[in-house]
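Breakdown of the fold
Listed here are the chains, written in short residue letters.
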Amino acid sequence: MKQSQLFTHTLKESPRDEVSLNAQLLIKAGYIYKEMAGVYSFLPLGLKVLNKIEKIIREEMDDIGGIEMRTSVFQNQEVWQKSNRWDDSVVDNWFKTKLKNGTEVGLSFTNEEAYANILKQYINSYKDLPAYPYDFKTIFRNEARSKSGIFRGREFYWKALYSFSKDEEEHYEFYDKAKEAYRKIFQRVGVGDLTYLTFASGGSFSKFSHEFQTLTKAGEDTIYIDEKKGIAVNKEVYTDEVLKSLKLDKNNLVERKAVEVGNIFSLGTKFSAPFNLKYVKPDGKEDLVVMGSYGIGLGRLMGTIVEVLADDQGIIWPKSVAPFQVHLIDLRTKRDDKIYQILQKQGFEVLYDDRKISAGIKLKDADLMGMPYRLVQSDKLGDKLELKRRGSKEINLYSEKEIIKVLQE
RNA sequence: CGGGGUGUGGCGCAGUUGGCUAGCGCGCUUGGUUUGGGACCAAGAGGUCGUGGGUUCGAGUCCCACUACCCCGACCA
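Residues numbered from 1 in each chain as written. Chains lettered and ligands numbered in written order. Predicted model: local features only at pLDDT ≥ 70, side-chain atom pairs only at ≥ 80, totals over all residues. Heavy atoms only, no water.

Our next topic: the overall build of chain A. When helices and strands are counted, chain A shows 10 helices and 21 strands. Summarising its shape, the C-alpha atoms of chain A cover approximately 80 × 60 × 45 Å along the three principal directions. For chain A, buried positions account for 53% of its 409 residues. Of the contacts made within chain A by residues no fewer than 6 positions apart, 67% connect residues no fewer than 24 positions apart. (Helix = DSSP H or I, 4+ residues; strand = E, 2+ residues; numbered from the N terminus. Buried < 20%, exposed > 50% of the residue type's maximum accessible area, 1.4 Å probe, protein only. Contact = heavy atoms within 4.5 Å.)

To continue, consider the protein's contact with RNA strand B. With respect to spatial proximity, 35 residues lie near RNA strand B, and among them R16, R145, D367, R374 and S378 are the closest. Restricting attention to atoms of RNA strand B within 4 Å of the protein, one finds that 48% of them are sugar or phosphate atoms. In this structure, a sugar or linking oxygen belonging to RNA strand B sits 3.4 Å away from a side-chain N or O atom of D17. At 7 residues, helix α9 (residues 359-369) tops the list of elements feeding residues into the surface near RNA strand B. (Near = heavy atom within 4 Å. Polar contact = N/O pair within 3.5 Å; in protein donor to acceptor, adjacent residues only side chain to side chain.)

Taken together, the side chains of D167, E168, E169 and E173 present a region of like negative charge at the surface. Along the chain, the position of E168 falls in helix α5 (residues 168-188). On the accessibility criterion, E168 (40% relative accessible area) is partly exposed. (Patch = residues over 30% accessible without salt bridge, like charges linked within 9 Å, V, L, I, M, F, W, Y side chains within 5 Å. Areas by Shrake-Rupley, 256 points an atom, 1.4 Å probe, with all protein chains shown as cover. Salt bridge = Lys/Arg side-chain N within 4 Å of Asp/Glu carboxyl O. Lys, Arg positive; Asp, Glu negative; His and termini not counted. Charge placed at Lys NZ, Arg CZ, Asp CG, Glu CD.)

Considering every residue of chain A, the mean pLDDT works out to 95; 100% of them sit at 70 or more. Both scores are available for the predicted complex, with the pTM at 0.97 and the ipTM at 0.93. (pLDDT = per-residue confidence, 0-100.)

Spatially, β18-β17-β19-β20-β21 is the arrangement adopted by the 5 strands of the open sheet, whose pairing is mixed. The open sheet has two edge strands, β18 (350-353) and β21 (395-398), and neither has a second partner. For this sheet the average axis-to-axis angle between neighbouring strands, irrespective of direction, equals 25°. Relative to strand β19 (residues 373-377), strand β17 (residues 326-330) runs parallel, the two being bridged by 5 bridges. Looking at the pairing, V326 lines up with Y373 of β19. Strands β17, β18 and β19 of the sheet are contacted by α9, whose axis makes an angle of about 175° with β17. (Pairing = 2+ DSSP bridges. Axes fitted to C-alpha atoms, helices over the stretch in contact; angles between N-to-C directions.)

We now examine the environment of F174. For F174, the location among the structural elements is in helix α5. Overall, F174 belongs to the buried group, its relative accessible area being 2%. Each C-alpha atom, one on F174 and one on G360, is 52 Å from the other, the two residues being 186 residues apart in sequence. Setting aside its immediate chain neighbours within four residues, F174 contacts I64, Y132, L161, S163 and Y294.

We now examine the packing of helix α2 (residues 44-63) against helix α7 (residues 298-309). As a packed pair, α2 and α7 sit with axes 10 Å apart at the nearest point and diverge in direction by 110°. When the interaxial angle is binned, α2 and α7 end up roughly perpendicular. Between α2 and α7, the residues in contact are G46, V49, L50, I53, E54 and I57 and L298, G299, L301, M302 and I305, respectively. For the contact of α2 with α7, a count of residues per class yields 8 nonpolar, 2 polar and 1 charged. (Parallel < 35°, antiparallel > 145°, perpendicular 65-115°, else oblique. Nonpolar A, V, L, I, M, F, W, Y, C, P; charged D, E, K, R; others polar.)

What follows covers the packing of aromatic side chains. Tallied over the full model, the rule gives 19 aromatic pairs. Considering the side-chain rings of W86 and W94, the 5.1 Å spacing of their centres and the 55° angle between planes classify their relative orientation as tilted. An identical accessibility class is assigned to W86 and W94; each is buried. Consider the rings of Y182 and F186, whose centres lie 6.0 Å apart with planes at 85°: the pair is edge-to-face. Taken as a pair, Y182 and F186 lie in helix α5 at a separation of 4 residues, close to a single helical turn. Each of the two residues, Y182 as well as F186, counts as buried. A network of ring pairs unites the aromatic residues Y132, Y172, F174, Y175 and Y294 as a single cluster. For the cation-ring pair, K96 lies above W86, with the distance from its terminal atom to the ring centre recorded as 4.3 Å. Directly above the aromatic system of Y373 lies the positively charged group of R389, at a separation of 5.1 Å from the ring centroid. (Phe/Tyr/Trp six-rings, centres within 6.5 Å; stacked < 30°, edge-to-face > 60°. Lys NZ or Arg CZ within 6 Å of the ring centre and 35° of its normal.)

Here we come to the nonpolar core. One finds Y31 and W317 to be the most contacted residues of the largest nonpolar core, which totals 65 residues. For W317, the contacting residues outside a window of four places in its chain are L26, Y31, V49, M302, I305, V306, A322, P323, M369, G370, M371 and P372. Listed in part, the 24 residues of the second largest apolar core include L119, I139, A160 and F164. (Core = buried A, V, L, I, M, F, W, Y, C linked by side-chain atoms within 4.5 Å.)

Structural data, given as structure tokens:
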């Protein structure tokens, strides 16, 4: 796309009311727009990143048997009363509103009940199981205080998968697959090396849940990491007893700040019981379905990528989630879009800075916006093109023909 | 929800003990000169000073209430 057609532009200074690095950079570079505390709109560039992340998550979910669908945002109070999670005294961060006829409805803050209720309609036999439906959806939570920029909002976009299994064995078989899928996701979006499988509180049906925590001082969580084993323990369950059960030695653990980018949870029959979600086994007897939940906040993950990889010049996107692979900077006196067209035809995602402004601004913007490759056209280079990887200092010159091969690497 | 802080053109800020037509930088528009790390000159446009009330001859400035945003804490299936 031609940058002159992009209505957003970069800011020279950070907005006063934004302190967290992730939101500062994303706002300055034109990826997101702050509507109010904890609520952000995604601008064209931001949506591109979000879509890339979504695609990666979708691929990994589909790979382990996930089936995408979409649950509604409006939720029926009768459904949630079954699990006793409608009342504000039980869950105090619901956003609720009323229909014209006075009926009270809620805006989704999570999906367990919605899925249990829907699946109740279709799960009858062991032949219907297991089932792994999931959705991408905007979720609303009336947080007392939003904070950390895009890390904790009142409205956010997430992926939630729920597993419906015949028994514990089948459940944990999938649970372990989900762990691996999550590892792949975080690896693919570029934060894998900083992301630890973390033991956290599990609720009534399992001793632990598992969180995926990415190290960053901007994180709200404190975790204790065993570097050698590659696992961590959340402060909320950091006790001698827990360490013993996990065979971790306190002396090998280091305390770090981290942000929870994903979690997986064994729910047992916590929700299948109130919804009477049962199936008939081959022997004719009935049993409750065993559930699990698997969530990833996409906006938070996007913010984490920014937070963890940025340098003092701006954002550095991994190729996998960058809105464009190549930022083509035209510094020539007489510009034409020949190279841009060629690269487009070759299938590269190119942001072409064709604006009539000074070189300095273009180069600064390129650093701030963080595309993986910066390709410069300039009078002093003649027919050569200058390639620089964002975050690297190395600069190389290539001919028109060479550049295509190099970019395809 | 408790404590603290801040609201002044699009963005970042200044505005003294209340005083004249509310300034500065960036950005924007027009013209000209520039062109490899946020260029320069000239001329312009753009403001309910968060909202409401009060004190006063006079309020961006003082008082009260409200509201929004930020930070710390509590909370976070």
